[in-house]
Amino acid sequence: MKTFEVHFRYQDRNSGTVESSANVDASSLPGAVAKAVRQFVKGLDRKQRFDMNKNGLEITAKPVGTAREAQAESAEGSAG
């Protein structure tokens, strides 16, 4: 599994631009985007979802590393 950092941005009617980011473990970039979008949309209410659909959702994603690399880095940090 790889870790991906996914950023979201959309225009809200009350608060202007809303930005959020999440780190997701997935085997591929499309899978990571799908997981992150599902989690993000579940956290929105009805009006926020409408605004997101009306104005568009901007998604940027980039790989951070593999889960094994992250575990190795945390083990080195706690050991050293």
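Basis of the calculations
Residues numbered from 1 in each chain as written. Predicted model: local features only at pLDDT ≥ 70, side-chain atom pairs only at ≥ 80, totals over all residues. Heavy atoms only, no water. Phe/Tyr/Trp six-rings, centres within 6.5 Å; stacked < 30°, edge-to-face > 60°. Helix = DSSP H or I, 4+ residues; strand = E, 2+ residues; numbered from the N terminus. Buried < 20%, exposed > 50% of the residue type's maximum accessible area, 1.4 Å probe, protein only. Core = buried A, V, L, I, M, F, W, Y, C linked by side-chain atoms within 4.5 Å. Contact = heavy atoms within 4.5 Å. Polar contact = N/O pair within 3.5 Å; in protein donor to acceptor, adjacent residues only side chain to side chain. Pairing = 2+ DSSP bridges. Axes fitted to C-alpha atoms, helices over the stretch in contact; angles between N-to-C directions.

A. Structural detail: the packing of aromatic side chains. Counted by the stated rule, this structure contains two aromatic pairs. The interplanar angle of 10 degrees and the centroid separation of 4.5 Å between the aromatic rings of Phe8 and Phe40 together place this pair among those described as stacked. One end of the pair, Phe8, is in strand S1 (residues 2–12); the other, Phe40, is in helix H1 (residues 29–42), and 32 residues separate them in sequence. Note on accessibility: Phe8 and Phe40 belong to one class, buried. With 6.1 Å between their ring centres and 70 degrees between their planes, Tyr10 and Phe40 make a pair best called edge-to-face. Placement of the pair is Tyr10 in strand S1 and Phe40 in helix H1, with a sequence separation of 30 residues. Here Tyr10 matches Phe40 in class, with each residue buried.

B. Main features of the nonpolar core. Among the nonpolar cores identified, the biggest contains eleven residues, and these are Phe4, Val6, Phe8, Tyr10, Val24, Ala26, Ala32, Ala36, Phe40, Leu44 and Met52. Elements represented by at least two residues in this core include exactly S1, strand S2 (16–26) and H1. Looking at which element gives the most residues to this core, the answer is S1, with four residues. Beyond its immediate sequence surroundings of up to four residues, Ala26 is in contact with Met1, Lys2, Phe4, Gly31, Ala32 and Lys35.

C. Representation of helix H2 (residues 46–55). Here H2 starts with a cap whose side-chain oxygen sits 3.4 Å from the backbone nitrogen of Lys47, and that cap is Asp45. Positioned one or two residues after H2, Gly56 has a phi angle of 95 degrees, which is positive.

D. Representation of the pairing of S2. The pairing of S1 with S2 spans eleven bridges and is classified as antiparallel. Bridged to Arg9 within S2 is Glu19. Turn length for the S1-S2 hairpin, with the two strands adjacent in sequence and antiparallel, is three residues.

E. Focus on the sheet that holds strand S3 (residues 58–66). Sheet architecture is open: three strands sit in the order S2-S1-S3, paired in antiparallel fashion. One side of each edge strand has no neighbouring strand; the edge strands of this open sheet are S2 and S3. The mean angle between the axes of side-by-side strands here comes to 15 degrees, regardless of whether they run parallel or antiparallel.

Any link to function would need more than the numbers given here.
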